Amino acid sequence: GAAFAVSAVGLAALARLALGDAFKGVPFVTFFPAFIATGFFCGWRAGAAAAAMGGVLGWLFWMEPAQGPSALFGVGFYTFAVAVILLLTASAHRGF
């Protein structure tokens with residue numbers, strides 16, 4: 001699970017670099033598929049690790065430092081979305 005998580009987040013970061021300014025202001029956009037795929041294939045713990053790595057990378061490299069309160073809203077939305085998606089993924093895994 002850990003290798004998949006690191007690989008998925010690494011690919012997401014490379015995709016984010018390749019997109020350049022196309023998604024300026026949306027720092028976490030490529031990390032959603034990374035943690036969703038990781039959570040689906042490797043379980044919610046690996047998905048949470050991928051989401052944390054993506055969150056840190058998005059914060060460090062693609063968040064504008066002058067965003068102020070809107071940056072906190074973006075991080076809060078990302079955290080909420082991660083929690084809901086991973087909860088649904090874990091519930092789906094229990095159903096199989």
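Before any of the text, the structure's been laid out above.
Residues numbered from 1 in each chain as written. Predicted model: local features only at pLDDT ≥ 70, side-chain atom pairs only at ≥ 80, totals over all residues. Heavy atoms only, no water.

**Q** Hey, could you run me through the packing of helix 1 (residues 2-19) against helix 3 (residues 44-62) in this one?
**A** The packing of two helices is summarised by the inter-axis angle and the distance between the axes. In contact at an axis separation of 9 Å, helix 1 and helix 3 are set at 30° when each is read in the N-to-C sense. When the interaxial angle is binned, helix 1 and helix 3 end up roughly parallel. At the point where helix 1 passes helix 3, the crossing takes the right-handed sense. For the pair formed by helix 1 and helix 3, the contact residues are Ala5, Val6, Val9, Ala13, Arg16 and Leu17 on the first element and Ala46, Ala50, Met53, Gly54, Leu57 and Trp62 on the second. Considered class by class, the residues forming the contact of helix 1 with helix 3 number 10 nonpolar, one polar and one charged. (Axes fitted to C-alpha atoms, helices over the stretch in contact; angles between N-to-C directions. Helix = DSSP H or I, 4+ residues; strand = E, 2+ residues; numbered from the N terminus. Parallel < 35°, antiparallel > 145°, perpendicular 65-115°, else oblique. Left-handed = near helix turned anticlockwise from the far one by under 90°. Contact = heavy atoms within 4.5 Å. Nonpolar A, V, L, I, M, F, W, Y, C, P; charged D, E, K, R; others polar.)

**Q** Would you mind going over the packing of aromatic side chains with me for this structure?
**A** The geometry of two aromatic rings is summed up by the distance between their centres and the angle between their planes. Counted by the stated rule, this structure contains eight aromatic pairs. Relative to Tyr78, the ring of Phe32 has its centre 5.4 Å away and its plane inclined at 80°; by these criteria the two rings are edge-to-face. Remark: Tyr78 occurs in helix 4 (residues 69-95) and Phe32 occurs in helix 2 (residues 31-42); sequence separation between them is 46 residues. Under the relative-accessibility criterion, Tyr78 is labelled buried at 5%. (Phe/Tyr/Trp six-rings, centres within 6.5 Å; stacked < 30°, edge-to-face > 60°. Buried < 20%, exposed > 50% of the residue type's maximum accessible area, 1.4 Å probe, protein only.)

**Q** Sorry if this is basic, but what is going on with the nonpolar core here?
**A** Side chains of a nonpolar character, in soluble globular proteins, are inclined to be buried together. Core analysis: the biggest nonpolar cluster contains 19 residues, and Phe31, Phe32, Phe35, Tyr78 and Val82 have the highest contact counts within it. Of all elements in the fold, only helix 1, helix 2, helix 3 and helix 4 reach the threshold of two or more residues within this core. Apart from residues lying up to four places away in sequence, Tyr78 is in contact with Phe28, Phe31, Phe32, Phe35, Ala51, Gly54 and Gly55. (Core = buried A, V, L, I, M, F, W, Y, C linked by side-chain atoms within 4.5 Å.)

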